Amino acid sequence: MKNGLEDVIAAETQLSDVDGQAGRLIIRGVSLDHLVSTATYESVAALLLDGLTERNFDPAELGRWLGEMRGRLFAHVTALDPDLLALPPVDAMRALIARLPDGEDFDAALRLLAAPAVFLPAILRLQAGEGAIKPDGSLSQAADILRMLNGRLPSNEQTAALDAYLVTISDHGLNASTFASRVIASTGAGLTSSVLAALSALKGPLHGGAPGPVLDMFDAIGTGENARDWLVRALDRGERLMGFGHRVYRVRDPRADALKQALRPLASSGQVNRERIDLADTIERAALAILKQRKPDRPLDVNVEFYTALLLDALGFPREAFTAVFAVGRTVGWIAHAREQSLNGRLIRPRSVYIGPLPRVA
Ligand code: CMC
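For the structure given in this document, a descriptive report is provided here. (Residues numbered from 1 in each chain as written. Predicted model: local features only at pLDDT ≥ 70, side-chain atom pairs only at ≥ 80, totals over all residues. Heavy atoms only, no water.)

**A look at the side chain of E305**
Just so we agree on the cut-off: Numbering of helices and strands runs from the N terminus; a helix is a DSSP stretch of H or I covering at least four residues, while a strand is a stretch of E covering at least two. Each residue is assigned to one of three classes by its accessible area relative to the maximum for its type, calculated with a 1.4 Å probe on protein chains only: buried under 20%, partly exposed between the two thresholds, exposed over 50%. Charged residues are defined narrowly, with Lys and Arg counted positive, Asp and Glu counted negative, and His plus the chain ends left uncounted. Whenever a carboxyl oxygen of Asp or Glu lies within 4 Å of a side-chain nitrogen of Lys or Arg, that contact is scored as a salt bridge. Only heavy atoms matter for contacts: two residues are in contact if any of them lie within 4.5 Å across the pair.
Residue placement: E305 occurs in helix α15 (residues 304-314). It is R255 that comes nearest to the buried, bridge-free E305 among opposite-charge side chains, at 7.1 Å. With sequence-adjacent residues up to four places away left out, E305 is seen in contact with H207, G208, G209, A210, P211, V214, G243 and F326.

Written out as structure tokens, the structure reads:
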């Protein structure tokens, strides 16, 4: 038995490959660095879902289809009950997605791609005591999310930064949430069920729940001079440094650099707090040096969540919503894997080793 199924191969996929030694991510034959500089959310969604549903996700049409679907889904957020709005954003979003019908077809997939983009901005505005803003189907999904969140059209740099984020995190091998999606798909339960299971797996701090705590760490450290002492004390208390380490990568997570790069146009146009970027730089260098010293046998480097925190903060998302934004981008990967599993896989049903007591009387 391998604890945590480390290194166990549990699926064949044409969707993405994570090379943990080389620090390389390939999504359907395209390397992340190329994809992130050329693709939009719509084009990466069309790439991932190509051939996996009965109707083709035409990249030229997908923007319009998503826009129409966002408009239709807005009815779900016009009268939300206070109990739902009292939940953390990711849980409120999960509750709303749970109201969508299950299905395996093109429409079910399209609905699930559009739903988080409508639900999350509406939940955040209603939680802040403001009115939800109706989608504008003529905009790209990234631009419309930012407009529905902040109440004004985003700048080109902001739209490009969110697009880069959504592309960067669209799929990532057999991570915990994607595995959950495939397990559910293998039972034939439907795409909504797969996405709900995946979202539930994502929200844990060891997976998609880390970027909020990364920002908390920046705030707690405050200034570059405090970085080293603060990090040493945190490790002395037995804590893990959020935004560092990975189950598969033994080198730098390539998604961290993609997001660092995506922050540059925002920084050079004065749309992100320069001091925070400098502080992040200092913390990253200090943490890498300390981790190398403390864990010489376990290479621990920066992961995607470190720069996610800076980027989503700069775009106006509150930190308690970072995991839900991750889900907005990753839903396409969950759907693609669920469909691939349904088309080619078998019921996933591993076995366990019984280590409990035996009956006294045979
Ligand atoms: N800070 C300090 N020590 C760490 C860290 C960290 N961030 N990550 C791993 N270690 C240590 C860990 O304590 C252990 O040491 P020892 O062998 O002395 O007990 C050793 O490294 C191996 O850890 P592990 O728990 O076996 O590693 P894992 O593969 O199960 O964990 C991880 C991967 C991401 C859960 C872990 O690195 C972690 O908790 N990181 C912090 C949370 C975080 O940033 N999560 C986002 C992950 S990236 C998003 C995604 O792709 O899902």
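**A closer look at the environment of A185**
Structurally, A185 can be placed in helix α9 (residues 176-186). The class of A185 is buried, set by a relative accessible area of 5%. Here the alpha-carbon distance between A185 and L343, two residues 158 residues apart in the chain, equals 9.7 Å. A185 has contacts with S194, A338, Q341 and S342, leaving out every residue within four places of it along the chain.

**What about the site of the ligand?**
Applicable threshold: Each residue is tested against the molecule or strand, and it is near if at least one of its non-hydrogen atoms lies within 4 Å. For this analysis, a polar contact is any N or O atom pair within 3.5 Å, provided that within protein one partner can donate a hydrogen and the other can accept it, and provided that sequence-adjacent residues contribute only side-chain to side-chain pairs. Only the protein chains shown count as cover for residues, and the accessible areas themselves come from Shrake-Rupley with a 1.4 Å probe. In this classification, Asp, Glu, Lys and Arg are treated as charged, Ala, Val, Leu, Ile, Met, Phe, Trp, Tyr, Cys and Pro as nonpolar, and every other residue, Gly included, as polar.
Residues in contact with the ligand amount to 21 residues; listed here are only the nearest, H207, R240, L241, F244 and R247. Within the side chain of R240, one N or O atom sits 2.7 Å away from an oxygen atom of the ligand. Within the side chain of H246, one N or O atom sits 3.3 Å away from an oxygen atom of the ligand. The protein chains hide 77% of the 940 Å² of surface that the ligand would expose on its own. A breakdown of the residues in the shell around the ligand according to their chemical character gives 10 nonpolar, 5 polar and 6 charged.

**Side note on the nonpolar core**
The following threshold applies: Put simply, a nonpolar core is a bunch of buried Ala, Val, Leu, Ile, Met, Phe, Trp, Tyr and Cys residues held in one set by side-chain atoms that sit within 4.5 Å of each other.
Core analysis: the biggest nonpolar cluster contains 119 residues, and F119, Y165, F218, L231, F306 and F317 have the highest contact counts within it. Not counting chain neighbours up to four residues away, the residues in contact with Y165 comprise L259, T308, L311, L312, V325 and F326.

Keep in mind these numbers describe shape, not what the thing actually does.
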